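# Close look at the chain arrangement
Each chain, written out:
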Amino acid sequence: MPDSVTALERLGVAVPAADACHLRGVRFLSSGLSAETIFPSGSSGLSIRRTTLHRIMTERAAALGTDLLWQSTITGISNQHVHLGERSIRARWIVGADGAHSRVRHWSGLDTQSRTGLRYAFRRHYRVAPWTDRMEIYWGKRVQGYATAVSSEQVCVAAASHDPALRLEESLLAFPELSARLRGAETVSAERGSVTANRKLKRVWRGNVALIGDASGTVDAITGEGLGLSFSQAVVLANCFRSGNLSAYQTAHRRLALRPLWMARLMLTLDGRPRLQRRTLQVFRRHPEVFRRLLALHVGSLSPFHLALDGLTLGWGLLTA
Ligand SMILES: Cc1cc2nc3c(=O)[nH]c(=O)nc-3n(C[C@H](O)[C@H](O)[C@H](O)COP(=O)(O)OP(=O)(O)OC[C@H]3O[C@@H](n4cnc5c(N)ncnc54)[C@H](O)[C@@H]3O)c2cc1C
């Protein structure tokens, strides 16, 4: 998402044009209907293979003098120390950036969390020429499909639902239009799966330990905001280290998560409701400015206070569509 790209740039990470595809907007598709809109004022999102982003980010970290200890498992933490098996490293601050199943979170007693709407997502890459510079979301009865170009010859396709047994191949049957685009295309990656949910922690720091990224809470993948959140958290956390005060991190962390969590809930009201999906798309087609402004809200370019009228238009449209 464009706000994530801005946050990444704030960390001094530049993604070379050749390594990513620019996304200009979003397209929703449901039962033969489609509605699309663009990101605000010419901004764009980036679509990039995880492995490529990983390389670019680690190169930046190494250039800044970070000691990268590959293939090392953190086995525990204690006051001022991180343990890697037999070895211990002294640490002024400890940052748990170890994902949704964070051990650091557990070790530091920060595990209390609320979780809503666990979903299962599967993805695969197909060798096919991209047909759009929009990120596509296909709304099915009980599953959503996502299609995003990641290079001039590869498209990433994912599907998310509440059913752990619903794999990508079967999900695609719900999206004939997308299936037609992929017909005969070679698959260039193995199917990989993950869970996704909205998770909030009561606390994201204790003593000299702070949690960041998915270790500190998650937003549903439908928002496309997970990475952006961790980039923004990193900027705040670095400032807190400088001032030696982590309580400001807690406040900023909560504020940063508010919008993505709210947008995840809003978007997921369409999940499993085909009639509502259809009506929403009809309203977006009839009032493209409502869709455009909702996307601007999603990427943080517009405050919720500016959307009262759009809320009324959407509500009235849903009643009368
Ligand atoms: C299906 C799906 C689609 C998504 N799409 C998007 C999207 O389009 N845009 C977006 O911004 N976000 C997206 N997200 C969210 C995004 O993937 C996460 O928010 C992001 O990966 C979180 O990064 P992280 O570094 O906090 O955690 P992770 O990516 O989980 O990384 C944690 C790392 O810690 C390591 N680790 C764990 N334990 C240890 C240990 N004991 N010792 C050493 N290392 C350890 C792991 O090996 C891993 O490398 C999506 C998520 C899902 C599930």
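Placed above this text is the structure.
First, a word on what this report is: a plain description of the structure on this page.

### Quick notes on the site of the ligand
In the vicinity of the ligand lie 18 residues, with Arg50, Ile74, Asp214, Gly226 and Leu227 positioned nearest. The contact in question runs from an oxygen atom of the ligand to an N or O atom on the side chain of Arg50, over 2.8 Å. Between the ligand and Gly224, the relevant distance is 3.3 Å, taken from an oxygen atom to a main-chain nitrogen or oxygen of the residue. Bound to the protein, the ligand loses 59% of the 1000 Å² it would expose on its own. The greatest single-element share of the shell around the ligand, amounting to three residues, is contributed by helix 6 (residues 226-243). Looking at the shell around the ligand residue by residue, the class counts come to six nonpolar, eight polar and four charged.

### A look at the pairing of strand 9 (residues 113-127)
Here strand 9 pairs with strand 14 (residues 192-201) via nine bridges, running antiparallel. Within strand 14, the position partnered with Gln113 by the bridge is Leu201. In terms of strand pairing, strand 9 meets strand 12 (residues 154-161) through eight bridges, oriented antiparallel. Residue His125 lies in a different strand from strand 12, and its bridge partner there is Cys156. Pairing of strand 9 with strand 13 (residues 186-187) involves two bridges; the strand directions are antiparallel. Following the sheet pairing, Tyr126 is matched in strand 13 by Thr187.

### Remarks on helix 9 (residues 288-298)
What helix 9 keeps buried is the set Val290, Phe291, Leu294, Leu295, Ala296, Leu297 and His298. In the segment just after helix 9, Gly300 is the residue with positive phi, at about 80 degrees.

### What to know about the sheet that holds strand 8 (residues 94-96)
Read from one edge to the other, the open sheet built from three strands follows the order 8-16-15, with strand pairing classed as mixed. Bordering the open sheet on either side are strand 8 and strand 15 (205-206), each of which pairs with just one other strand. Inspection of the sheet shows strand 8 paired to strand 16 (residues 209-211) by three bridges, in the parallel sense. Paired with Ile94 across the bridge in strand 16 is Val209.

### Overview of helix 1 (residues 2-10)
Residues Pro2, Asp3, Ser4, Val5, Ala7 and Leu8 constitute the buried set of helix 1. Where helix 1 is buried, its residues meet strand 4 (45-47), helix 2 (50-63), helix 6, helix 7 (247-268) and helix 9.

### Here we look at the pairing of strand 10 (residues 134-139)
Burial runs high along strand 10: six of the six residues are buried. Burial along strand 10 is two-sided: the residues Arg134, Glu136 and Tyr138 and Met135, Ile137 and Trp139 are all buried. Taking the residues that link successive antiparallel strands as the turn, the strand 10-strand 11 (residues 143-151) hairpin has three residues.

### Section: the sheet that holds strand 7 (residues 87-90)
With antiparallel pairing, the three strands of this open sheet are ordered in space as 5-6-7. Two strands lie at the open edges of the sheet, namely strand 5 (76-78) and strand 7, each paired on one side alone. Across the sheet, the axes of successive neighbouring strands diverge by a mean angle of 25 degrees, strand direction being ignored. Note: strand 6 (residues 81-84) against strand 7, four bridges, orientation antiparallel. Its bridge partner being in strand 7, His83 is matched across the sheet by Ser88.

Cut-off values and rules
Residues numbered from 1 in each chain as written. Predicted model: local features only at pLDDT ≥ 70, side-chain atom pairs only at ≥ 80, totals over all residues. Heavy atoms only, no water. Near = heavy atom within 4 Å. Polar contact = N/O pair within 3.5 Å; in protein donor to acceptor, adjacent residues only side chain to side chain. Areas by Shrake-Rupley, 256 points an atom, 1.4 Å probe, with all protein chains shown as cover. Helix = DSSP H or I, 4+ residues; strand = E, 2+ residues; numbered from the N terminus. Nonpolar A, V, L, I, M, F, W, Y, C, P; charged D, E, K, R; others polar. Pairing = 2+ DSSP bridges. Buried < 20%, exposed > 50% of the residue type's maximum accessible area, 1.4 Å probe, protein only. Contact = heavy atoms within 4.5 Å. Axes fitted to C-alpha atoms, helices over the stretch in contact; angles between N-to-C directions.

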